[in-house]
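Examining the three-dimensional arrangement
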Amino acid sequence: MTEIYKKLENIVTKKFISNSLIVRHAYSRVVDPLLQGIPDIVIRPKDAKEISEILKVANEENIPVVPRGGGDDEFGGSKPIGDGGIVLDMKRMNNVINLDEDNMVVTVESGISWGKLNEYLCHFDLYTGCMGPGSGMTASIGGGISHQSVGGGGCAKYGSCTNQLVSLEVVLPNGDIIETGSQANKFSQTPFNRFGNGPDLAGLFCGDNGILGVKTKISLQVFPRPPYAAYKTFILPRKDREVSSQIMLDVRRKGIDIYDLMYIMDVIVRLGTEFGLMPMWEQLKRKRGIIFYTIEANSEAELEEKVKQLDEIIVNNNKCEPLGPEISDGNIAKWHYAEQGHWQFYHNLWGVVPALEPLSCECFVPANIYPKYLYEIDQWDMAHSEDMSKFTKITGQRPISSSGPIFLIDGNNVELTCGFASFPSYYNGEIHEEFDEINLRLWKSYLEMVTKWGAQWYMMGQMASQIMVEIEAYLPDYYKTLKAIKKTLDPNYILSRGKFNFWED
Amino acid sequence: MTELKNLKEEWKAIMSCMGCGDCGYSIRRAVGRYLTCPVKESKGEEGFEIYFSRGRMNVLKSVLEGKLPLSRELAEFVYQCTECANCTEVCHETHNENIILNTSKWIDHYKVWDALRKDLVEAGFAPLDRHKDLVDYMNNDAMKNPYGEDFAKKFEWASDFSNIKEKGDLVFFAGCTMPLRQQDTLKNMMKILIASGMEMALSKDEWCCGSIGARIGEYKSVDELMKHNLDLFKNMGAKTVFTACAGCYRTLKKDYPELLGEELPFEVKHITEVLVELLNNNKIPFKPEEGEKLKVTYHDPCHLGRHMDLYEIPREVIAKIPGVELIEMKRNRKHAWCCGAGGGVKSQFPDLSKDISKERIREAVESGADILTTSCPFCIGNFRDGYEEIEPEIKEKIQVIDVIDFIASKLK
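Residues numbered from 1 in each chain as written. Chains lettered and ligands numbered in written order. Predicted model: local features only at pLDDT ≥ 70, side-chain atom pairs only at ≥ 80, totals over all residues. Heavy atoms only, no water.

1. Remarks on the interface of chain B and chain A
Contact with chain B, which involves 54 residues of that partner, is made by 61 residues of chain A. Here chain B and chain A share an interface that buries about 5100 Å² over both sides, 57% of which is from carbon and sulfur atoms. If you sort the residues of chain B by the area they bury against chain A, B:Trp11, B:Met18 and B:Phe48 come out on top, with a joint share of 15%. Where chain B meets chain A, there are six salt bridges. Of the charged contacts in the structure, one is a salt bridge between A:Arg92 and B:Glu45, with a shortest N-O distance of 3.1 Å. The tally of links from chain B across to chain A stands at 33 residue pairs in polar contact (both at pLDDT 80 or more). (Contact = heavy atoms within 4.5 Å. Buried area = accessible area lost by both parts, 1.4 Å probe. Salt bridge = Lys/Arg side-chain N within 4 Å of Asp/Glu carboxyl O. Polar contact = N/O pair within 3.5 Å; in protein donor to acceptor, adjacent residues only side chain to side chain.)

The structure is reproduced here in C-alpha cells:
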C-alpha cells in the first residue's frame, strides 16, 4: 500500500491525503447505526483532473473508490462497502463557480452544500427551488444529483433536484472527463440546457448512487424566490391516512402550484408529544394526523386566491381543522418555511430516546396508494414483535416503526421515508452483538416489503441497491442493461464497488 | 485497552450522534447560522472530518465498540478543539421552543470531549507536551500559575492600590492571565471601581483557578487548587467573588460546584455583572460625550456565552457607555465564532489559534465596527496576537480593546 499511497500523494500532495487509522474511522460510517466500512485511504481532491488521476491509479491497482459528499445518506452509500479502498471526500470542492444571472443558471463544484448555495443565491433574490434533501445544511449538491434527492422543501412545486439539472462535468471511472447537455458542444459559452446534442447523458448519472461517475461540476437552473408565501397547518379528521392522500390528489387535480404539502402520521404526532419533541401540539385534544402546506405567490392577490382554493380543498371538502398562524399554535409549516426548518425536519425524529437511530427506506410511491402501505407497515411491525421485544429487554424501549413526513413531489407522487428506528449494538457499556444481527435481518425484511410494493427507490446506497438484486426485483433485461453500462464505463468495478451487487461475479 | 471510564459515562451522547454533519457544515441563513467549527474552517481545504464533531463521534463509536484504541495520535487530533461548544449549539437548536430535538437532552459535546480528554490523560497519552508544562507550572509551589512566572509576580499590579482590602464581602479573584499578561487592564478596572466608590478585597495567596487543568482533562491538580481557593474565600468572609476572566468565571461558577457536588457558599460574578450594576446606578463617572459615535462590536467569549449563557449583560454594559453605538457581527451570541484560544489550543497549537482569531477580526471589520471589544483576557490576548499578523488594511479599520480598558478610557 505504501507505493500506492505515494502515487496518490503525488497527485493531491500530502496535505490532502491520509491513511491515519483515526481519520479512516472518521469516514467509516454514515447515518445508520449498523453499517461500517473503514477505508484504507481518505483523499480530499481539488478538481476533476486530480480525481481523474486518482481513478486511473485505482484502476491500475484494483482499489475501489467511493465518493462522499455530505455523508448524510442512510443506506451506507458514502462509505466503503466492507473495509478498504479509497474515500473521496468531495467537500474540498465547495465553491460557486459562476452565476449566469440573465439565464438563471448557477454552476458549482459538487461538494457545496444546499445551505451554502442557497445562502449565496439569496443575495440575488434567487433560490434552488427544490432545496435538496432534508439534510441540506450539510448534504452536497453532488449527493443530491446522485440520489434524485427531495425532502429539503419545495418538492411539490419543483420536484426532485435533478429536475433542474442543466449540465454535469463527470469523471468517469476510467478517468475520462465528460461534460453533458449544452456543454457537450465545445463551442458552447456557458451551460444553458440539459437536453439536446444527442441523448440525455446527464440523466444517466442522475440517481446513479455514485456508480457511474464522480460528479465534479454541476449547473442548475435557479429560480426567483417569490416575495409572498403562506403556510398553514391542519389537524386531519378520522382516517387521516386516506384523507391526506385525497387532499394531495385534489390539489394536483385542481392544478394549484403548491410549494410543499406534507402529511405527518398520527403516530408521529402522538410520539412527538409523548416524548416532548413537539410542545406546540401538546394542547391538541386528539392526536390525529397533521397536514401542512406552503404556497408562494408574486402578489398578495395571487396568494389570497391560492389560499382560498387550498382552504376549499382542505377545510371545506376534507373537513380538516386549521391550527393558528403561529408556530406556538402548532403551525409547523411556518417553522418549516420561514425559519428554514425544512433542513432540520427529520432530525428530531431520530434520537427520540438515547441511541435510537434510523434504519430507513426512502422511496417514491403514487399518492393514491400510500395509505395502504402505511397499514402494511403496521402489520410488518406486529409480525416482528418477537424480534423487537429483544431490544426492549435491554433498552426498555421497543424500536419504532412508522413513516416520517410524507410529502408531495412532482407528479402525483409522494416521498415515503419509512423504516424503523432501532438501537446499535453498543448500549450502556455493553456490546450486544445480537442487536446487529436482528437489525440487519429486520432492515432487509423491511426493504424487501417496500420493494415488493413496487416502490421506486431514489437513495439506495448499499442496502436498497443490493436488495433489488437479491430478491430479483429488477426486470432481467433492465438489470442486464444497467450492468452492461456499468461494465462499459467501469470494467474493473472501481467506483462504489458492492452496490447493486455488480461485483458478485 | 484502557478502561474508558469517563467515555463510557458519555455513551448516550456518542451513540445518539446520527452523523448529520451540521456540526461541520451548517449554513441556515434564516436563523443566522453560518458554519460551526472554527478548527475545521481554519484547516480550510485540509479540513478532514476528524477536525470536527461528527468525525470525532464516529471515532468514539469505534473506541467504545473496542475497534480502536486510545492513542497519542488520537490525542494530537482531539486537542485541536477549542471546546467552544458551537457544535453543541447547532446540534441542539431548532430555533424555536415549540420544537425540540430530544438529542439536546443527552448530547453535550463539551462533556464528551472532556470525558475523552480525561481518559487520554488517565491512559498516559495526554497531556501533550506544552500542556504538561502548563500543568507542571500550575502545580509548582513557587508558581501556582500556568505561565511559569514567580508566584509573587501575580500581585505586583495591586501594589499601586493601597485601598484593596484583605477581607470583605466582595472578593476579587484576579486569576493568572490578567495579572501576568494584562496588568494595565487590571489597573484600569481598579480605576473604574475606585471612581465608582466601590471597595473590594483581594488575597495575595490566591492560586490558579485550575481552568487549564480542567480544560485539558488533567483534574488531579484542579482539586488541590480548588480547595485552596475555596478556603481562602471562606477565610476572607466572601459573599460574592467576582473575576474579570471568563475562564476563571466558568471554573469557579460551574466546575467548582460540579467537582464538589454542592453549591458554593458565595455568589460568583463576572466583571460585566459588577459593571452593569454600577452603570445602572449611575456610579461610573464618564466624560461628556463628544464627536461622532464609535461603532463597537462585542465578541462573545465561549466561556461566558455558550458555556455560561451570559450574553446580554456585556452588551448592556457596552450600550451604556456614552458615545457608543453597539453593532453586531454576523455571528453573535449562540452562533458567535470562537476566538480560537480555548481548550488548550492557544498553548499547544498557537498558529491554529491565531488563524481563528484573524477570521473573527475580519468578521468584526465586515460588521463596520471601529472597535472590537470583549471581556475575556484569553480572547483579548489571542486577538492581539492575530492582530499583529493581520493585513495592514484590516488593522487600519479596527482596534481590539478589552471592555474594561474601553470604559476606563471614557472616565472623567
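Let us keep going from here.
2. A short note on the domain arrangement of chain B
Residue and element names in this part refer to chain B. Looking at the assigned domains, one finds that chain B contains domain 1 (5–122), domain 2 (129–279) and domain 3 (285–409). Taking only C-alpha atoms into account, the centre of domain 1 sits 26 Å from that of domain 3. Facing 26 residues of domain 1, the contacting portion of domain 3 comprises 19 residues. Interface area for domain 1 against domain 3, summed over the two sides, is near 1800 Å², with a carbon-plus-sulfur share of 62%. Interface area lost by domain 1 to domain 3 is led by Tyr-34, Thr-82 and Glu-89, which between them contribute 29%. The tally of links from domain 1 across to domain 3 stands at zero salt bridges. (Domains from an automatic or database assignment.)

3. A word on the environment of A:Thr2
Here A:Thr2 lies in helix α1 (residues 2–12). We classify A:Thr2 as exposed; its relative accessible area is 67%. (Helix = DSSP H or I, 4+ residues; strand = E, 2+ residues; numbered from the N terminus. Buried < 20%, exposed > 50% of the residue type's maximum accessible area, 1.4 Å probe, protein only.)

4. Concerning the pattern of salt bridges
All names here are of chain B. Under the defined criterion, the tally for this structure stands at 66 salt bridges over all chains. Across the salt bridge formed by Glu-149 and Lys-153, the nearest N and O atoms sit 3.5 Å from each other. Given the relative accessible area of 17%, Glu-149 is considered buried. A single salt-bridge network, built from bridges that share partners, covers Asp-300, Glu-312, Arg-315, Glu-328 and Arg-333.

5. Details of the domain arrangement of chain A
Residue and element names in this part refer to chain A. Per the domain assignment, the segments of chain A are domain 1 (2–91), domain 2 (93–224), domain 3 (228–343), domain 4 (347–465) and domain 5 (466–504). For domain 1 and domain 2, the distance between their C-alpha centres works out to 23 Å. On the domain 2 side, the residues contacting the 17 residues of domain 1 number 22 residues. For the domain 1 and domain 2 pair, buried surface summed over both sides reaches about 1400 Å², with 62% attributable to carbon and sulfur atoms. Looking only at domain 1, the three residues that lose the most surface to domain 2 are Ala-48, Met-90 and Lys-91, adding up to 38% of its buried area. At the boundary of domain 1 and domain 2, one finds zero salt bridges. For the interface between domain 1 and domain 2, the tally reads seven residue pairs in polar contact (both at pLDDT 80 or more). The dominant element in the side of domain 1 that touches domain 2, judged by the number of residues it contributes, is helix α3 (residues 48–61), at seven residues. Residue classes in the side of domain 1 that touches domain 2 are distributed as seven nonpolar, four polar and six charged. (Nonpolar A, V, L, I, M, F, W, Y, C, P; charged D, E, K, R; others polar.)

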